[in-house]
Amino acid sequence: MISAQIFRETIVRPVLQASGTYSEAAEELMMGTVAHESDMGTYSVQQGIDADRAAQGFFQVERFTEADIWETYLNRKPRFKSYAMALIKLCPCANELLRENPLYSCFIARMKYWRSPAVLPAADDIQGLAEYWFDHYNGSPDNEREQKVAEFIRDYELFVQGE
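First, a word on scope: everything that follows refers to the structure included in this document. Values in this document were obtained by computation on a predicted structure and should not be read as measured data. Residue indices follow the written sequence of each chain, beginning from 1 at its first position. pLDDT decides what is reported in this predicted model: residues at 70 or higher carry local features, side-chain atom pairs at 80 or more are listed and counted, and totals for whole chains, interfaces and linings draw on all residues regardless. Working from all heavy atoms in the structure, the side-chain values ignore hydrogens and water.

Moving on to helix 2 (residues 24–38). Put simply, DSSP H or I for four residues or longer makes a helix, DSSP E for two residues or longer makes a strand, and each gets a number counted from the N terminus. One less than the number of residues in a helix, times 1.5 Å, gives the span that helix is expected to have. Taking 1.5 Å per residue, 15 residues should reach 21 Å; helix 2 reaches 21 Å between its end C-alpha atoms and fits that length. Among the 15 residues that make up helix 2, 13 are buried, leaving the element largely enclosed by the rest of the structure. Looking one or two places after helix 2, you find Asp39, whose phi comes out positive at around 50°. Burial classification: accessible surface area is computed with a 1.4 Å probe over protein chains only, and a residue below 20% of its type maximum counts as buried, one above 50% as exposed, and the rest as partly exposed.

Following this line, the structure appears as structure tokens:
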């Protein structure tokens, strides 16, 4: 597990600021995402799934999602594409960018959210951030909403607020 403060100061905040996508709410959403998806950096590959299909990196982005973000968004947004390419160059030997380059993984996760036209909840509205995560990031069926949102809140409180 990586310290939430270290994750915030060395990965999340720098990526959001450098990409021009920063807000306090976005920072808290990304912190909640990494807390829930990988137990604050404990896992870099989705557990219990075949390696071919497993989500990758601390933000647990699926390869299909990464490819879709490139095809339908980054390739049409030169500013963001340029930033993504600069992040890729930081790890020129990486075979699995989402796993081996946490800055890139963070940016791709942020782009998954950024593509949504929905307005982010307030930074201190953890319930709202959890609902936003469920609606725009999580792929679970709607009948699991209550459970998944509660798990996101639990992980945020444990890993982000608990430090």
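Turning next to the layout of surface pockets. Space inside the largest pocket adds up to approximately 470 Å³. Whether a set of points on the 1 Å grid over the protein atoms alone is a cavity depends on a 1.4 Å probe fitting there but being unable to get out, while an open set qualifies as a pocket with protein on both sides within 12 Å along at least five of seven lines; lining residues are those with an atom within 4 Å of a point. As for the largest pocket, its lining consists of 20 residues, and the residues nearest its centre are Glu37, Gln46, Ala55, Gln60 and Asn138. Secondary structure elements with two or more residues in the lining of the largest pocket: helix 2 and helix 8 (145–161). Sort the elements by how many residues they give to the lining of the largest pocket and helix 2 lands first, with three residues. Here the lining of the largest pocket is built from residues that sort into six nonpolar, nine polar and five charged. Grid points are joined across faces, edges and corners, and a volume is the space filled by probe spheres set on the points. Under this grouping Gly is polar, as are all residues other than the nonpolar Ala, Val, Leu, Ile, Met, Phe, Trp, Tyr, Cys and Pro and the charged Asp, Glu, Lys and Arg.

Between side chains of opposite charge, a pair can form as their charged atoms come close. We count a salt bridge whenever a side-chain nitrogen from Lys or Arg sits within 4 Å of a carboxyl oxygen from Asp or Glu. Going through the model one piece at a time under the given rule, you end up with ten salt bridges. Of the charged contacts, one joins Arg63 and Glu96 as a salt bridge, the two residues approaching to 2.9 Å between their closest N and O atoms. In this pair, Arg63 is assigned in helix 3 (residues 63–72) and Glu96 in the loop between helix 4 (78–89) and helix 5 (97–100), connecting sequence segments 33 residues apart. One salt bridge connects Asp155 with Arg154, and the closest N-O pair in it is separated by 3.0 Å. Take Asp155: its relative accessible area is 3%, and that puts it in the buried class. Connected through salt bridges with shared partners, the residues Arg8, Arg13, Glu27 and Glu28 form a single ionic network.

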